[in-house]
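What the coordinates show
Here are the chains, one letter per residue:
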Amino acid sequence: MADAFIFELVSPERLYVSEKVSEVVIPAMLGEMTVLAEHAPTMTTIKPGVVTVKLASGQVNKYVVFGGFADILPDSCTLLADAAIPANELTPDTLQRRIETTQAELGKATGDEHKTRLEQFLTDLTQLNGIVVAA
Amino acid sequence: MPSLKDLKNRIASVKATQKITKAMKMVAAAKLRRAQEAAEAARPYAERMNKVLASLSAANAGNAGAPLLLSGTGKDQVHLLVVATGERGLAGGFNSSIIRLAREHALKLIAEGKTVKILTVGRKGNDVLRRSFKDNIVHYITFREVRQLGFVQADEVAGKVLDMFNAGEFDVATLFFARFQSVIAQVATAQQLIPARFETVEQPAEGSSVHYEYEPSEEEILEDLLPKNIAVQIFKALLENNASFYGAQMSAMDNATRNAGDMINKLTLSYNRKRQAQITTELIEIIAGAEAL
């Protein structure tokens, strides 16, 4: 059956997932996208958000990622995250701390481009905060 | 000649030293295993990053508008040397071999009339390099307070390097660290960071025909990835360095423990001889005294 493909979630610190999955939802830069098998080869950047992985066995796992990019091929999908954490291990506290560090960084930032980037990151994080707290 | 008491004291002190080096060796071995695991865990990310960037940059190499991080500034007048060393000593030749490589590199560049700037990561390298290149050191980052080396630390170093590059403070950046080969072999290595160099990946003939869709555009992704790549490379180097450090420390402490053992044997031998000599002398004295009566 061609409906399963390999999904890998890697952060610089470790390999989180490397399994056969049937469906993955990733928070791409231009909106959420669902990746199924036989997807056209795509390369996209990721914004902070929730990745939903549906394993071939039907089990659903959620991970929170903080930006990165994804390399999608018909038979595989590799997500290189700057940082990732299983959704059930994420506490509002960690997120809050992250938001605060970003705010502090924003206060120190000088370049306009850098600032815009941080502001965008902050918005995404705040939005994420809303989702996680609601869940 | 040292007296019996002196010898006894020395044996006790060498034994105490041996205990310390033995404990340090054990600690280093435990930490080495963790450092090695961390270095291995980081490998898949770095490999994939390299693969993606290699194919992206191959496609973009000829473009006039290619990002500066990839193509360089077109000059090589000002060099930045990022020297990553350990925070502590007692690790054999670990720190000094990195420092020696960096120093040779710096002297060669200076002889060629280039400007050299040095960014030191880690206390040991900073202390030593400050002596001979006081005016060249532009920044110093230490992870003394850091217990577990994370990506955040690499990001801090990378941020500093990128800030300097964007401000046009240097043209070429080279990273110095010790590559971990095995517990007994750590090789001091120089790696060029900017302009970026990628290990060429052979692509299978059919693989190269894959046409990617890019979201957003190819250039934007490349521009986003290149700075990230710097951080990843530095992270990789820091992890390798960490593993090398503990490897070097372990073998250094192993040697020290063995040397201490040899020394104890030698001292014990001369202690025993000396004691025997003393007993003999005493006996001779007694016998001589008895005969005289």
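All values reported here derive from a predicted model rather than from experimental measurement. (Residues numbered from 1 in each chain as written. Chains lettered and ligands numbered in written order. Predicted model: local features only at pLDDT ≥ 70, side-chain atom pairs only at ≥ 80, totals over all residues.)

**A word on the domain arrangement of chain B**
The domain boundaries assigned to chain B delineate domain 1 (4–20 + 254–292) and domain 2 (34–250). Domain 1 of chain B and domain 2 of chain B are separated by 54 Å when their C-alpha centres are compared. (Domains from an automatic or database assignment.)

**Comments concerning the interface of chain A and chain B**
With 20 residues of chain A at the interface, the matching set in chain B holds 21 residues. Of all the secondary-structure elements, those providing two or more residues to the side of chain A that touches chain B are strand S2 (15–28), strand S4 (42–46), strand S7 (68–73) and strand S8 (76–81) of chain A. Considering every element that reaches the side of chain A that touches chain B, the biggest residue donor is S4 of chain A, with 4 residues. Each residue belonging to the side of chain A that touches chain B can be placed in one class, and the counts come to 12 nonpolar, 5 polar and 3 charged. In the sheet, S4 of chain A pairs with strand S6 (residues 213–215) of chain B via 3 bridges, with the strands oriented parallel. Its bridge partner being in S6 of chain B, Met43 of chain A is matched across the sheet by Tyr214 of chain B. (Contact = placed C-beta atoms within 7 Å. Helix = DSSP H or I, 4+ residues; strand = E, 2+ residues; numbered from the N terminus. Nonpolar A, V, L, I, M, F, W, Y, C, P; charged D, E, K, R; others polar. Pairing = 2+ DSSP bridges.)

**A few points about the pairing of strand S5 (residues 49–55) of chain A**
In regular strands, side chains alternate between the two faces of the sheet. All names here are of chain A. For S2 and S5, the ladder comprises 4 bridges, and the chain directions are antiparallel. When the bridges of S5 are listed, Glu23 appears paired with Lys54. Bridge analysis of S5 against strand S6 (residues 60–65) gives 6 bridges, and the strand direction is antiparallel. Counterpart to Gly49 in the pairing with S6 is Val65. What sits between S5 and S6 in their antiparallel hairpin is a turn of 4 residues, with Gly58 showing a positive phi close to 100°.

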